[in-house]
There are 6 protein chains.
Amino acid sequence: MSSSESSAPTVRATVVQASTIFYDTPATLDKAERLLAEAASYGSQLVVFPEAFVGGYPRGSNFGVSIGNRTLKGKEDFRKYHAAAIDVPGPEVDRLAAMAGKYKVFLVMGVIERDGYTLYCTVVFFNNQGCYLGKHRKLMPTALERIIWGFGDGSTVPVFDTPIGKIGAAICWENKMPLLRTAMYAKGIEIYCAPTADSREVWQASMTHIALEGGCFVLSANQFCRRKDYPAPPEYVFSGTEQDLTPESVVCAGGSVIISPSGTVLAGPNYDGEALITADLDVGEIARAKFDFDVVGHYARPEVLSLMVRDHPATPVCFTSEASHK
Amino acid sequence: MSSSESSAPTVRATVVQASTIFYDTPATLDKAERLLAEAASYGSQLVVFPEAFVGGYPRGSNFGVSIGNRTLKGKEDFRKYHAAAIDVPGPEVDRLAAMAGKYKVFLVMGVIERDGYTLYCTVVFFNNQGCYLGKHRKLMPTALERIIWGFGDGSTVPVFDTPIGKIGAAICWENKMPLLRTAMYAKGIEIYCAPTADSREVWQASMTHIALEGGCFVLSANQFCRRKDYPAPPEYVFSGTEQDLTPESVVCAGGSVIISPSGTVLAGPNYDGEALITADLDVGEIARAKFDFDVVGHYARPEVLSLMVRDHPATPVCFTSEASHK
Amino acid sequence: MSSSESSAPTVRATVVQASTIFYDTPATLDKAERLLAEAASYGSQLVVFPEAFVGGYPRGSNFGVSIGNRTLKGKEDFRKYHAAAIDVPGPEVDRLAAMAGKYKVFLVMGVIERDGYTLYCTVVFFNNQGCYLGKHRKLMPTALERIIWGFGDGSTVPVFDTPIGKIGAAICWENKMPLLRTAMYAKGIEIYCAPTADSREVWQASMTHIALEGGCFVLSANQFCRRKDYPAPPEYVFSGTEQDLTPESVVCAGGSVIISPSGTVLAGPNYDGEALITADLDVGEIARAKFDFDVVGHYARPEVLSLMVRDHPATPVCFTSEASHK
Amino acid sequence: MSSSESSAPTVRATVVQASTIFYDTPATLDKAERLLAEAASYGSQLVVFPEAFVGGYPRGSNFGVSIGNRTLKGKEDFRKYHAAAIDVPGPEVDRLAAMAGKYKVFLVMGVIERDGYTLYCTVVFFNNQGCYLGKHRKLMPTALERIIWGFGDGSTVPVFDTPIGKIGAAICWENKMPLLRTAMYAKGIEIYCAPTADSREVWQASMTHIALEGGCFVLSANQFCRRKDYPAPPEYVFSGTEQDLTPESVVCAGGSVIISPSGTVLAGPNYDGEALITADLDVGEIARAKFDFDVVGHYARPEVLSLMVRDHPATPVCFTSEASHK
Amino acid sequence: MSSSESSAPTVRATVVQASTIFYDTPATLDKAERLLAEAASYGSQLVVFPEAFVGGYPRGSNFGVSIGNRTLKGKEDFRKYHAAAIDVPGPEVDRLAAMAGKYKVFLVMGVIERDGYTLYCTVVFFNNQGCYLGKHRKLMPTALERIIWGFGDGSTVPVFDTPIGKIGAAICWENKMPLLRTAMYAKGIEIYCAPTADSREVWQASMTHIALEGGCFVLSANQFCRRKDYPAPPEYVFSGTEQDLTPESVVCAGGSVIISPSGTVLAGPNYDGEALITADLDVGEIARAKFDFDVVGHYARPEVLSLMVRDHPATPVCFTSEASHK
Amino acid sequence: MSSSESSAPTVRATVVQASTIFYDTPATLDKAERLLAEAASYGSQLVVFPEAFVGGYPRGSNFGVSIGNRTLKGKEDFRKYHAAAIDVPGPEVDRLAAMAGKYKVFLVMGVIERDGYTLYCTVVFFNNQGCYLGKHRKLMPTALERIIWGFGDGSTVPVFDTPIGKIGAAICWENKMPLLRTAMYAKGIEIYCAPTADSREVWQASMTHIALEGGCFVLSANQFCRRKDYPAPPEYVFSGTEQDLTPESVVCAGGSVIISPSGTVLAGPNYDGEALITADLDVGEIARAKFDFDVVGHYARPEVLSLMVRDHPATPVCFTSEASHK
């Protein structure tokens with residue numbers, strides 16, 4: 001973003017609130033394209049999808065695991081979930097890149113990434129030229145997610161400097177990690193994407209706080225899912241609550257929202273159904289907000305508090321002849 | 001807190017929402033004692049006062065300063081403000097300690113501390129035995145505060161391990177500093193006091209976020225002030241808005257609040273007037289909340305993100321003959 | 001172990017196969033002392049307890065967690081589990097040290113360690129003089145354990161050089177981590193303790209393999225538990241299987257075993273009930289086994305394969321004034 | 001292996017348990033072809049032969065060596081053994097490639113490789129199109145093998161990504177090297193071949209452990225040899241035991257086995273005679289197993305433990321003009 | 001050695017030709033001291049002992065190993081041999097240092113070094129002040145030695161610059177390694193010690209060649225042993241030849257020798273019995289010889305032929321906190 | 001050499017010990033043919049001539065050179081010596097090739113090569129089909145040779161793989177260069193030719209050592225010359241010794257020798273006169289010897305010691321338009 005103009009530009013941004021077509025990655029990509037096309041049709045320049053949109057968020061599943069035990073059904077659930085995940089890069093990433101180029105939007109997409117037999121909850125980024133820019137792997141999964149997803153490292157916490165602003169993402173409860181947020185602030189993030197799976201009301205407080213703390217726009221995208229968006233039992237079971245659910249029951253209520261650097265809610269939160277939530281981001285708000293509080297700038301106290309970010313890749317095995325054999 | 005009990009204890013806590021008696025420190029201390037006695041009378045074990053309650057928050061003043069200029073009036077305003085501040089330790093601190101012991105409460109008090117001719121926005125801590133425990137100096141003043149208050153250092157970010165829990169404080173927009181909060185989390189803070197002067201609604205979002213992020217109780221105390229709580233013009237002028245104000249005009253709307261580690265608002269926010277806001281803190285909530293998210297425990301990624309806190313005193317002059325001259 | 005003798009010495013070692021008294025840490029310590037006394041009475045010099053003997057292994061619990069959801073009951077389960085854990089060091093560690101000194105045995109004990117609000121699955125070591133030697137924190141919990149226990153770091157992988165041999169421990173599926181085992185081999189481990197919660201038959205294959213791979217004695221201790229060793233439902237529920245269980249049902253079948261460096265099973269595996277499993281370890285077997293295969297000695301290829309162990313502590317926040325403020 | 005299928009494919013694999021025709025490499029290749037044809041006749045897609053099948057495993061020989069001494073007979077034994085070895089690549093490798101293509105099987109064959117006057121214990125790999133893929137040289141010979149075989153380096157530890165899965169091999173006690181196995185895991189091995197000469201029962205424990213540790217299929221092939229499979233004395237002598245042997249005496253008992261990633265024995269171990277041991281490998285088992293334990297994925301701790309693999313060739317003399325002048 | 005004097009100095013040097021007292025390290029050290037005292041008594045400034053003098057060269061043993069087999073007796077032989085080895089540094093090294101200081105001689109001693117459960121064939125160096133200078137570990141054992149000794153690395157190929165000249169050592173057939181010799185020449189070796197176990201006549205050719213090639217004094221020390229110097233059968237067996245031996249049979253014939261840089265034999269070779277072989281080394285011979293041929297000087301062709309010596313330690317496991325935990 | 005035969009072949013080889021006919025190259029070639037015919041007549045397959053046999057070794061001459069001075073006589077001596085040298089290739093080389101073909105022998109011939117006005121001490125190789133194979137130029141002349149001969153480079157250190165074995169040559173004191181020998185070993189040399197001009201006894205030690213070190217046959221050919229084999233004074237002067245010489249005085253005593261890979265002298269050394277020295281080389285000796293010691297195979301430590309050979313041509317002027325101008 002050039003910064004010397006007398007009036008600041010505006011960026012039209014959309015957060016997508018929609019459900020994965022579970023266990024069907026090709027159909028999910030088709031759905032993504034329809035949503036992307038719709039957002040582009042009314043001029044959106046940036047589209048942010050929810051966490052795990054491609055690959056799916058296996059809500060309600062416990063993968064057959066209790067302490068010290070696991071079931072064959074749970075292992076097979078994992079095998080199918082693994083099969084629905086995508087390689088990054090890989091053919092599905094190529095398709096997403098092509099979509100971004102076709103509709104000329106910047107695209108931020110939550111995916112389940114497959115790296116051998118470990119999965120990662122990942123966000124992939126594309127520019128409006130159809131180029132894959134890079135990825136962010138969730139650093140720390142929450143609760144039961146820790147049995148299905150691996151842990152990212154410091155090498156995939158990107159902030160991309162694009163013509164519409166500096167874009168990055170933190171996924172779901174990563175947004176609660178103050179040191180991670182600070183690393184992203186230090187990279188100059190201006191459009192802070194928060195794909196999530198958390199539809200509780202308190203989530204809104206964190207989104208507002210981050211906008212204020214970081215002096216950035218916050219775009220939080222969550223899925224809106226009904227029971228019927230997942231396979232029917234017994235193939236797929238919402239453990240403990242299955243008996244209370246009808247096909248129409250809402251199992252993830254959304255709450256997608258766009259907030260300005262001053263903490264003003266620009267669009268959403270929407271708890272009603274699948275939707276595209278759109279706002280025009282007044283880029284000048286960033287400077288206005290940071291006048292008061294610049295978290296890694298004038299308001300930092302680096303001589304007292306300094307954060308070390310180890311952003312090299314951490315791999316269990318390193319081959320001298322090449323970066324990776326995988 | 002002993003940790004082996006089968007059911008967790010409860011702590012009754014009060015945040016005070018009241019105004020300084022401006023330029024009259026003895027009277028302010030009298031007022032503090034009345035409020036303390038009242039809180040104690042219905043069983044409160046912990047009482048938290050707003051930022052700058054002793055010494056005053058000079059809201060609306062600009063101390064005669066514009067860029068490149070200052071006025072004699074402004075200099076005299078500072079002289080009077082300096083005179084109303086207190087030494088820490090000093091006689092006013094002794095009086096506060098005595099109050100805490102008399103009413104058997106843990107006391108967290110916002111004061112303006114005088115250290116030579118520099119002032120600090122400070123919080124002082126007392127236990128229910130009448131002992132002064134220590135102080136926290138605001139690390140980073142906001143905007144115009146930077147011309148009247150100095151900057152604290154890393155040596156005064158205490159968290160005290162008391163029988164009712166681990167207590168500390170961050171003042172006003174310090175609460176927006178993620179690295180400072182993380183330092184306090186690392187010290188194990190359980191009862192997080194947030195004396196403030198910010199009565200905007202968005203402040204509530206940050207308080208809720210901190211409770212969730214830190215897995216701690218958040219107690220935010222703000223003054224509730226009308227124009228008449230300050231000296232009348234021309235002695236004291238609300239620059240720029242004075243003409244719009246009547247003596248009854250609310251110039252600081254309060255918003256004091258108590259929030260649990262799960263983000264539940266236990267009491268407040270109160271925007272109505274001076275008040276004591278009280279809640280019973282169920283200590284077991286901390287473990288229940290940290291089960292999901294322990295910011296410096298199981299949810300940290302220390303091998304990726306690590307914060308260095310330089311918590312030794314930073315003094316411009318150091319004498320080799322003794323550890324400290326203060 | 002002095003190495004110039006003409007005939008090698010023998011060490012009598014016992015692995016304890018017994019159940020925690022769940023949610024009752026003092027009673028569990030009493031039980032530990034009874035078992036220790038019995039082992040000492042017939043000359044045992046080393047006693048190894050199972051994983052999580054103090055604090056308990058919450059088998060069958062799911063802590064109310066499914067993907068994206070958690071229950072209040074699960075949070076309260078965690079609070080109680082947290083309350084039953086112990087600080088290391090702390091009073092329970094002092095008691096264990098005193099036991100080891102009283103009965104003059106080397107003691108290796110599985111505990112649940114509480115560090116603030118994060119728990120660790122830890123093994124604590126004591127010498128036969130009653131001194132606490134140090135601890136090992138499980139590096140990587142398995143499956144659902146990842147939601148109740150934090151992850152250890154490289155600073156707590158000790159091998160202690162004692163008069164009866166070099167002793168260390170890996171917990172449960174850590175034993176499946178080839179790089180961790182190699183780090184312990186490099187520290188010269190001779191008596192490899194494997195406290196576990198895995199009673200499947202394939203566990204025996206890994207124990208035998210490790211003895212051969214490491215050229216060390218392997219002592220695997222598992223709990224033997226019936227349903228009645230845990231609180232009755234509804235306080236404590238074996239998720240998914242509760243309906244199939246009677247109070248006498250075996251929920252953890254033991255399988256504790258002692259294996260020599262040549263892969264010979266010296267005692268156990270026992271799948272019958274609570275028991276003390278004892279064998280005399282012929283120290284000379286180590287040299288005889290390493291003659292053929294010395295995994296970090298003559299059989300290593302360090303110029304091709306070299307392992308880096310980062311064994312400094314990894315902490316999210318570091319204070320310059322001291323190691324830790326907690 | 002394509003990974004998005006809804007049900008996982010199956011691979012039929014055979015391990016050959018048969019003896020070399022000692023000192024007669026052409027006849028041994030004829031025998032290999034007969035065995036390969038038989039396996040192919042009932043649909044096997046992958047055939048794994050034992051260590052040193054071509055060239056022979058000189059069991060019982062001591063090559064006339066004691067510490068500080070060697071005999072003329074031993075030197076001549078070596079000359080003949082050297083003469084029976086094969087160049088890689090070379091005419092025998094061409095013949096093996098042709099066999100693999102003719103019978104349309106993936107072929108993993110243990111050979112004695114001749115490189116000048118140093119021999120290597122090598123495994124050569126072929127695809128079902130009749131192409132030689134590459135070789136693995138044993139990194140570290142065991143005991144007396146060190147006087148007849150050289151040591152491989154890090155440049156020949158291949159894992160080949162084939163349509164039936166990722167295939168590699170470790171030979172005999174190499175399988176006891178945890179760092180080597182980890183290097184292969186990092187290369188994504190799915191079908192782990194373990195040609196061996198070890199027929200002891202404890203070998204089975206290591207095979208099961210590796211399947212569990214690596215989350216891979218393990219195919220261990222050993223020769224089944226009687227005394228008469230070797231030249232009669234005095235040309236060839238089983239040192240120390242010759243007097244106890246009849247022509248029918250079993251000198252290598254086999255024990256070839258196929259194990260699944262969950263540790264289930266799918267076929268074998270066979271200790272009865274020459275045999276083809278076949279199983280259908282359910283590829284989905286890999287994902288199911290790695291759900292619990294992915295040794296270089298979600299269960300690794302790379303920030304604590306990281307392995308460096310120097311996989312460039314190590315040659316005593318390097319000519320700038322070309323890779324090798326030999 | 002100062003090099004500008006008009007007449008070059010002379011160094012009196014002794015090579016010891018004597019047998020270890022097998023399996024009795026304290027008695028062997030006593031014998032070493034007697035021999036050292038005797039050499040010192042007639043003015044020797046440098047005393048070189050044979051390979052493995054301390055710890056013993058287990059000539060004739062095969063440690064029960066044939067290809068693919070090993071015996072229990074062989075394993076126990078190794079255990080005893082391991083027990084007779086010494087740690088470096090360690091108490092026996094301290095004793096050797098004290099001897100060197102007491103008799104004021106430079107001492108070069110062949111030992112069997114124990115590092116955990118791997119043994120190395122090592123030479124230890126001491127100055128005439130009683131200081132331990134360092135060690136050389138044999139890089140490559142010969143034939144059956146490879147089953148009892150590990151392999152040194154490039155970090156222990158020292159050449160010590162002493163007042164009597166630059167001293168280093170290569171052990172037995174290491175002396176046949178042209179690249180190792182060149183590394184030592186490049187370090188400036190002047191007094192080249194060749195402790196050995198090879199008493200064949202052709203050994204003399206190599207010694208003469210090295211003196212000429214390196215332009216250095218060569219001091220080769222071998223044991224002179226009769227059958228009776230080893231334990232009697234059946235405890236210790238000369239495999240294959242035991243039946244031909246009487247207690248008086250010579251099993252190692254010595255051949256210790258001292259040669260000048262011009263290839264002149266100064267003393268020895270002695271094949272008669274235990275002996276001290278002494279010569280005065282005319283240091284000026286070095287320059288006279290190198291006038292014609294300076295192998296790493298004027299006679300090198302570095303632009304065509306250059307040797308890389310990797311002289312860092314190669315360890316299978318490296319701990320970041322310290323050099324070694326062993 | 002085919003390698004699968006059950007018994008190894010034999011090669012009959014001859015070294016020629018004879019004098020150049022000085023300053024008469026055609027006559028020298030005639031003499032060469034007579035000697036070749038004689039060797040062929042009793043079945044020799046390989047004939048090796050001494051250093052500088054064609055062109056002559058100007059023993060005793062100082063070419064009028066002392067430090068800072070040269071004489072006209074010396075310059076003229078060089079002109080005549082230059083005239084007697086041959087171009088390679090060239091007509092004399094063609095004649096030598098024809099001889100080899102006619103007598104069906106492999107021929108290794110020392111020559112003085114003329115390249116413009118610089119001379120090289122060169123060995124030329126021919127097969128038994130009458131083909132010139134290539135040449136080796138002496139890398140490093142010794143002492144005064146450096147004023148008459150240039151220095152070879154790494155591009156002419158060939159080893160030719162022929163039906164009778166791998167053949168190469170090093171000239172005179174080149175044989176003392178360990179790195180050059182190692183380069184030749186790495187090229188697999190089996191029949192190591194050492195044309196020389198050194199007839200000292202210590203030369204034999206080096207020849208034996210090389211056979212052992214390289215595991216190859218060594219064939220050393222030296223001229224046997226009397227004073228009368230050179231022009232009489234004053235045309236040709238043995239500087240300094242001329243006065244002690246009669247025409248019959250031996251000025252080069254020969255010492256030609258053939259040694260097996262085990263260090264056994266097969267023929268020679270002959271110090272009596274001109275002679276053909278012949279032996280049958282048992283090729284199996286190579287494998288038997290390398291069983292113990294394979295200098296660039298199993299006995300190398302490439303990860304510690306590695307030699308770089310720059311074997312591209314080194315020319316002072318290089319023309320971009322063609323690969324080589326010579």
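This text follows the structure it describes.
Now for a quick tour of the structure. Predicted, not measured: the structure shown is a model, and the values here were computed from it.

**So, the relation of the copies chain A and chain B**
Think of it as a corkscrew move, a rotation about one axis and a shift along it, taking one chain copy to the other.
Then, in step 1: Its rotation angle being 180°, the transformation that places chain A on chain B also includes 0.1 Å of axial translation and leaves an RMSD of 0.2 Å. Taken together, the rotation and translation relating the two chain copies correspond to the operation of a two-fold axis.
Then, in step 2: With an isologous cut-off of 70% or more, the 100% of interface residues of chain A that recur at the interface of chain B puts this contact in the isologous class.

**As for the relation of the copies chain F and chain E**
Then, in step 1: Superposition of chain F onto chain E requires a rotation of 179° combined with a translation of 0.0 Å along the rotation axis, giving an RMSD of 0.2 Å.
Then, in step 2: Comparing interface residues between copies, 100% of those in chain F also sit at the interface in chain E, which points to an isologous, same-surface contact.

**Notes on the pattern of salt bridges**
Then, in step 1: This structure, assessed with the given rule, holds 152 salt bridges over all chains.
Then, in step 2: Between Glu235 of chain A and Lys80 of chain A there is a salt bridge whose closest N-O contact spans 3.1 Å. Within this pair, whereas Glu235 of chain A is found in the loop between strand E12 (224–226) and strand E13 (250–253), its partner Lys80 of chain A is found in helix H2 (residues 72–84), the two being separated by 155 residues in sequence.
Then, in step 3: A network of salt bridges, in which partner residues are shared, links Glu76 and Arg79 of chain A together with Asp282, Glu285 and Arg288 of chain D.

**A few points about the interface of chain A and chain B**
Then, in step 1: Contacts between the two partners involve 46 residues from chain A and, on the opposite side, 46 residues from chain B.
Then, in step 2: For the pairing of chain A and chain B, the buried interface totals around 3,900 Å² over both sides, and the portion due to carbon and sulfur atoms is 63%.
Then, in step 3: Broken down residue by residue, the surface that chain A buries against chain B is led by Tyr299, Arg301 and Leu305 of chain A, which jointly contribute 18%.
Then, in step 4: The interface formed by chain A and chain B includes two salt bridges.
Then, in step 5: A salt bridge links Arg181 of chain B to Glu213 of chain A; the nearest nitrogen and oxygen atoms lie 2.5 Å apart.
Then, in step 6: Inspection of the region where chain A meets chain B yields 26 residue pairs in polar contact (both at pLDDT 80 or more).
Then, in step 7: Its residues assigned to classes, the side of chain A that touches chain B comprises 24 nonpolar, twelve polar and ten charged.
Then, in step 8: Relative to strand E17 (residues 305–309) of chain B, strand E17 (residues 305–309) of chain A is paired through five bridges, and the arrangement is antiparallel. Bridge pairing in E17 of chain B places Ser306 of chain A opposite Met308 of chain B.

**Focus: the pairing of strand E7 (residues 132–137) of chain D**
Then, in step 1: Sheet topology note: the strand E6 (residues 118–126) of chain D/E7 of chain D ladder contains five bridges and is antiparallel. Opposite Val123 of chain D, over in E7 of chain D, you have His136 of chain D as the bridge partner.

Thresholds, definitions, all that
Residues numbered from 1 in each chain as written. Chains lettered and ligands numbered in written order. Predicted model: local features only at pLDDT ≥ 70, side-chain atom pairs only at ≥ 80, totals over all residues. Heavy atoms only, no water. Least-squares fit on C-alpha atoms with pLDDT ≥ 70 in both. Contact = heavy atoms within 4.5 Å. Salt bridge = Lys/Arg side-chain N within 4 Å of Asp/Glu carboxyl O. Helix = DSSP H or I, 4+ residues; strand = E, 2+ residues; numbered from the N terminus. Buried area = accessible area lost by both parts, 1.4 Å probe. Polar contact = N/O pair within 3.5 Å; in protein donor to acceptor, adjacent residues only side chain to side chain. Nonpolar A, V, L, I, M, F, W, Y, C, P; charged D, E, K, R; others polar. Pairing = 2+ DSSP bridges.

That is the geometry; function is a separate question.
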